[in-house]
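The primary structure of each chain is shown beneath.
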Amino acid sequence: MNDLKQVNKSKKRVDAKAKVTGKAKFGADLKFANMLYGKVVRTKYPYAKIKNVDISKAEAYPGVEVVMTAKDIPNNTFGVIIQNQRVLAEDEAIYIGDGIVMLAAESKEAAEEAAKLVEIEYEELKGIHDPLESRKPDAQLVMEGTDSNQVVHHPLRKGDVETGFAEADLILEREYSTHYIEHAYLEPEAVTVVPNERQTLVSVYGSVQNPYATRDAVARVLEADLSQVRIIQDNMGGSFGGKDENISSMAARAAVMALETDRPVQMVNSREESIIESYKRHPYNLKYKVGATKEGKLTAMEIEAVADSGAYACQTPFVTWRSVVQATGPYEVPNVKTDTYGFYTNNPYTGAMRGYGSPPTCFAQESLMDELAEELGMKPDQLREKNMYRQGSHTASNQKLDNHTVSLQEVLDKAKESINYDKKYEEYSKEQTGEKKRGIGLAISYRGVSLGAEAIDTTGGIVAVQKDGSIILYCGLAENGQGLRTVFSQVVGEELGVNLDRITYMEADTSVAPESGSTVASRSTFMGGNALKKAAKNVKETMIEFAKEEYGVEGEIIFKDNALYTDSGKKIEDFSKVASDAFHSGVFLSSYGWYKAPKISWDEETGQGRPYFTYVYGCQIAEVEVDTGTGQVKVLNMAAAHDVGKAINPANVRGQIYGGVVMAVGHALMEDLGFSDGFINHTNFDEYLIPTAKDIPDIDAIIVENPDPAGPYGAKSIGEPTVELGGAAINNAIALATGERHYDLPLNLERVLIGRDLSREG
Amino acid sequence: MQKESKLNAENRQKTSGRGSNKVPIGSADFLAPESLEKALDYRKRYGFEATVIAGGTDIMVDYFERLYEVNSWLDLNKIEELKKIEINDEEIIIGATATHKRIAEHPDLQKYLPMLAHASSEVGAWQIQSRGTIGGNIVTSSPAGDTLAPLLAYDAKVVLQSKGGNRILDMSDFFIGPKENVEESDELLTKIIIPKPSENILSRWKKVGKRKALIISSLTMAILIEIDNDGVIENARACYGAVAPTPIEVKNVGDYLKNQKLKEVDAKKVGEIAVAGISPIDDIRGTEQYRRQVTHDLTVNAIKEMAEEI
Ligand SMILES: Cc1cc2nc3c(=O)[nH]c(=O)nc-3n(C[C@H](O)[C@H](O)[C@H](O)COP(=O)(O)OP(=O)(O)OC[C@H]3O[C@@H](n4cnc5c(N)ncnc54)[C@H](O)[C@@H]3O)c2cc1C
């Protein structure tokens, strides 16, 4: 462990060259002989009865091969948790992205023209567009076959909040809201389905984040065996949680049309189609009540978080579950009562997005902690230090944090030091003259690694040493741009002492790799790293055994620098020679590795148990300048300290931190769907604004390493914690600068200047 | 609020009204003359049948996914004469196809027309500035065009040239509505003439947008004040973008300021006069209330700062 060659090094990305030279093929680059182009006709209204659909003119359009509606689909529903998402809407459209008709033609142009000829008669209905309306007992029902609009309710009860509030000297009650966020991946969704190829019914190629989830959906829709559906994912132009159900639905549509025509069908969304149809981050309405003694000890917290699930259940049950676990933030609170809910509405459906259920609760709860500190006359960091988790602390669900290092103090200290927090806090707390005012604000968090009690948590991988010593890796986890190919190659390279140029991480192919769960929850390095490490270890043992016999060596054998050595440092043979000799002696040099995550538990009634097997800790501090004449906020600096256990690739970790911070800046300050009454008005990046290079602060990415006993080389995770803290940190910084607190996102010009978002109704 | 889903490109906001109802004339030509004379010939012959293109940063967006609707192009990029920037004792003359980047980086323009140079440096981003031209910005005639308030403040004139001759118009007479102007189908905008400002000039430029680059302004402000040696205001112009159907000068501000000592001006009053002179609307870049408040605050601050500067 102490002499690492591959791991803990900023190795160049193994796929960087192909990507920067344009050689890497993405979903929409693929071409197959005889391919058709698919297109979907979507609803004009967020909620409408579909009275009649006339496809005759579209069918007659030259070049059109097939036009289909919901009736033509073998099984029209799918879903990862609750199977109520429809491939196409039949009797009614229940959100603005619902597809009604799909067609495929010889050219994109023909498909587009034909789509315009589809005649749909609607009866526009008044929908429900606010989850707080939809939760009322007498609200009209969004989803057929349900008796209420509630998708899910997660309670958590610890101690007794009444007693807790009675002990408090100060009680604060605040309400917060967060908004829709579009994933804004560079590459819009693209899928090609080839029928009757590679011994399967359908092969699905494209920008698929979670190959197995998409396989489940396509097989379910086609009523086919899993073995007959093959998903192959290669390069992705970003996902951030966003290419799951919408891709599944696209793949299912293309698959149905491919089988109908017996020709490959390609579907590629325009940006407008992508923004209108794809799921978003859940908007939340949050109510927080907190009690504290005048010394600043928290006595009780009562929390209600209501998430807008939109038209489908999608991942609402799991997203709101992460919220219930993290809702108090990383603080010891003896008495907690938390309820998180999801409700159906006729709004865009909401699902996974980097951060999952935590960014809304982090925003609320870390904003609240700042306000509480102010009310108590304490410094924000002091209040946190007084209450935050330490080694052996008990969480809201009564999990004792003792199997890993609880490093909140370390991340807090390192971030503070990097940005010179104490001095700046003091300076910006004084009266500031002039239009531009500065502030500094912080936020801390703890976050469960991997899926937790959401689902079974297992991953498999294959390490296959070839007879020339080169190595092929398979795993069901997908390279979504996060750098997983590189990280996995480093882990295997470290075990087998082989350099990365001899290792190839293959495309994710569901018919080859073992089902590994989804590439989500910041779990891949941990789960896939462990699985592949095991597989590599198995191969290594086989090679050691072979080498001892074949070359007559004894004692320990060391694998390094593409060769095998004795423990005294004498070279035995090149790795490639050993592989070749072994192969020609009939030795099997491949192995599966299977990893099952440590045990966890959860009581659905009380919210008590061990929801995650380990946690990561982070602190971000934002320094801002607010133009009080215009409401413009400039984030000047951001210090982001994250405990990742062990950085398999420090450059990649920093990349994740930079990316997470930039996303959070966008979410906090400018991103806005232009949503009103079920319609999405900002359908491209001229209106849906994300940060440009000029909006990005100077970011100090601070890697903190406290190896986790269960992680590969001690690694935990980094992808999502980076995006959950920025909102609160920026909000707190703005409050210090201007003396005014905000409770709703985004903190756009108008909100910061006038105190409310004038462009939004209600 | 819209009534139907904004799914298709047709629903995109158009940056100019023209062209969409064009009747194809059969032949599709790409005209790239090297002389102005030749260009004016084509202009006469084709009129609006040929779409004029300079940097293309507005027109290409305009025709996004509808490029086939453009029948013929008249490309101005090969005409050297239109790119010139000249400065003499009385005037500064900027060719219509001078790019924002050249204007932003031109030392004389930075010296004499700092608001224009600054505004040009805030158009879009590096790439847009390298292609986009001042003429394109003017002819697009967006109320939010970044160079327009500064040009009004500098009392610029535009030269519209045709085979028949020249028209020289005050900038303020050129714009007649959002994305509408008085250019005729046989005319080209060839240059912008700006009287060389005196030495005793103070000015303030401000762009307000929802992010730091690649953003259409929520509001722009260009205020210019000319003072004599005693600090008395001889002449003042306060101009704004994105607060009315066209970029505008609020003349009452100039009238109010004239002959006052800058140091003694009631800045708040100036802010009020400015707000009374604008007619903003609610749109995606800002609400009416926001624009009024910001116009007020920016104007007040600009006056205060300028008073401190002398
Ligand atoms: C990403 C992006 C960001 C942008 N950001 C900004 C911004 O921040 N601020 C801003 O003000 N603008 C912005 N714009 C708009 C645009 O870049 C500017 O208006 C630019 O000045 C247009 O110049 P152009 O040469 O590219 O015009 P073109 O697109 O070539 O032409 C624009 C219009 O003017 C006509 N035309 C051009 N030259 C002449 C001429 N000499 N005589 C007669 N007609 C002519 C064309 O026919 C067309 O109708 C942005 C555009 C994009 C795409």
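Residues numbered from 1 in each chain as written. Chains lettered and ligands numbered in written order. Predicted model: local features only at pLDDT ≥ 70, side-chain atom pairs only at ≥ 80, totals over all residues.

1. Focus: the sheet that holds strand S10 (residues 188–195) of chain B
Residue and element names in this part refer to chain B. The antiparallel open sheet is built from 5 strands, whose spatial order is S4-S5-S10-S6-S7. Strands with a single pairing partner mark the edges of an open sheet, and in this sheet they are strand S4 (85–87) and strand S7 (165–170). Taking each pair of neighbouring strands and ignoring which way they run, the sheet shows an average axis angle of 20 degrees. Summarising the sheet, S4 and strand S5 (residues 91–95) pair through 3 bridges and their orientation is antiparallel. Within the sheet, the bridge partner assigned to Ile-87 lies in S5 and is Ile-92. (Pairing = 2+ DSSP bridges. Helix = DSSP H or I, 4+ residues; strand = E, 2+ residues; numbered from the N terminus. Axes fitted to C-alpha atoms, helices over the stretch in contact; angles between N-to-C directions.)

2. Focus on the site of the ligand
Residue and element names in this part refer to chain B. Taken together, the neighbourhood of the ligand is formed by 30 residues, with Gly-55, Gly-124, Gly-132, Gly-136 and Asn-137 sitting nearest. The set of elements that each furnish at least two residues to the shell around the ligand consists of strand S2 (50–53), helix H2 (59–62), helix H6 (126–131), helix H7 (134–140) and S10. Tallying contributions element by element places H7 first for the shell around the ligand, with 5 residues. Counting residues domain by domain, the shell around the ligand receives three or more from each of domain 1 (9–75) and domain 2 (80–195). (Near = placed C-beta within 6 Å. Domains from an automatic or database assignment.)

3. Here we look at the interface of chain A and chain B
Counting residues at the interface gives 31 residues for chain A, matched by 25 residues for chain B. Among the elements that take part in the side of chain A that touches chain B, helix H20 (residues 749–754) of chain A stands out by supplying 4 residues, more than any other. For the side of chain A that touches chain B, the per-class residue count stands at 11 nonpolar, 11 polar and 9 charged. (Contact = placed C-beta atoms within 7 Å. Nonpolar A, V, L, I, M, F, W, Y, C, P; charged D, E, K, R; others polar.)

4. A closer look at unusual backbone geometry
Residues and elements named next belong to chain A. Along the chain, Leu-745 connects to Pro-746 via a cis peptide bond; the corresponding omega equals 0 degrees. Despite not being glycine, Ala-521 has its phi angle at roughly 60 degrees, a positive value. Mapping Ala-521 onto the fold places it in the loop between strand S22 (508–509) and helix H15 (524–551). Backbone geometry places Asn-562, a non-glycine residue, at a positive phi of 60 degrees. Note that Asn-562 resides in the loop between strand S23 (557–560) and strand S24 (563–566).

5. A few points about the packing of helix H10 (residues 358–376) of chain A against helix H19 (residues 726–738) of chain A
Residues and elements named next belong to chain A. For the pair H10 and H19, interaxial distance at closest approach is 8 Å and the crossing angle is 30 degrees. It follows from the interaxial angle that H10 and H19 lie roughly parallel. Once H10 is placed against H19, the crossing between them reads as right-handed. Contacts from Pro-359, Cys-362, Phe-363, Glu-366, Ser-367 and Asp-370 in H10 reach Gly-727, Ala-728, Asn-731, Asn-732 and Ala-735 in H19. (Parallel < 35°, antiparallel > 145°, perpendicular 65-115°, else oblique. Left-handed = near helix turned anticlockwise from the far one by under 90°.)

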